[in-house]
Amino acid sequence: RFESDRSLLKKEAIAKDEFLASELAFQDLEEERKESARELAWLQEKLRVLESEEERLLVRATIAGTVISDAQMKQWTFVEKGEFILSLASDERRIEFLLREQDYGRIEVGNPAQVRFYGLPGRTFTGEVIQVKHYAEAVSTHGVRTNAIKVLIRLDDFPEGIRNGMFAKVKIKGRAISLVGALMRRI
């Protein structure tokens, strides 16, 4: 409208007062546009900073899988290292169990394994050790604290109906234990 009014003023088709009102409105709108552009630039920078901060604070799963527990924390809740957030089940069909620390040196990757699930009595499944974790975890059994190492077994034929958290009896054919070790274990 401002440009139209300018050409009309040159042709003396509108009064100078009308043109000045149009010019003033144009200048106000132009100033609002500039202010909006500055505000947009500031908001874009703030968004960029927040997105980079969000990326830094995200907790990433160590495995791909399915969430099998309720989340114990809400988004943006501060958690300490080692705090439980939720449980994931790996899509890989494998068995994980804790090996007593004193048996650590007896097994290695590739050892054959037999697994019997309490939920499937009378059936034994074969497989092999595919991973022995490089760290021990503190566990408590009947009030006694000890360390255990997580071991992963891949079964040759994974049974249908097995669910995460089900109990199983695992036998691994590893190095033999000495007589002294066997006697000490019984004590």
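First, a word on scope: everything that follows refers to the structure included in this document. (Residues numbered from 1 in each chain as written. Predicted model: local features only at pLDDT ≥ 70, side-chain atom pairs only at ≥ 80, totals over all residues. Heavy atoms only, no water.)

Bringing the pattern of salt bridges into the picture now. All told, the structure shown has 10 salt bridges when counted by the stated rule. The shortest N-O distance in the salt bridge between Glu31 and Arg38 comes to 3.8 Å. Take Arg38: its relative accessible area is 46%, and that puts it in the partly exposed class. Counted as one network, the salt bridges with shared partners bring together Arg94, Glu96, Glu137 and Lys150. (Salt bridge = Lys/Arg side-chain N within 4 Å of Asp/Glu carboxyl O. Buried < 20%, exposed > 50% of the residue type's maximum accessible area, 1.4 Å probe, protein only.)

This part is about the packing of helix H1 (residues 2-10) against helix H2 (residues 16-57). It is the contact of H1 with H2, at a shortest axis distance of 9 Å, that shows an interaxial angle of 155°. Taken together, the axis directions place H1 and H2 in an arrangement best described as roughly antiparallel. Considering how the two elements wind past one another, H1 and H2 form a crossing that is left-handed. Facing Phe2, Asp5, Arg6 and Leu9 of H1, the residues of H2 in contact are Lys16, Glu18, Phe19, Ser22, Glu23 and Phe26. (Axes fitted to C-alpha atoms, helices over the stretch in contact; angles between N-to-C directions. Helix = DSSP H or I, 4+ residues; strand = E, 2+ residues; numbered from the N terminus. Parallel < 35°, antiparallel > 145°, perpendicular 65-115°, else oblique. Left-handed = near helix turned anticlockwise from the far one by under 90°. Contact = heavy atoms within 4.5 Å.)

Here we take up the side chain of Ser22. Residue placement: Ser22 occurs in helix H2. In this structure Ser22 touches Arg1, Phe2 and Asp5, once residues within four positions along its chain are discounted.

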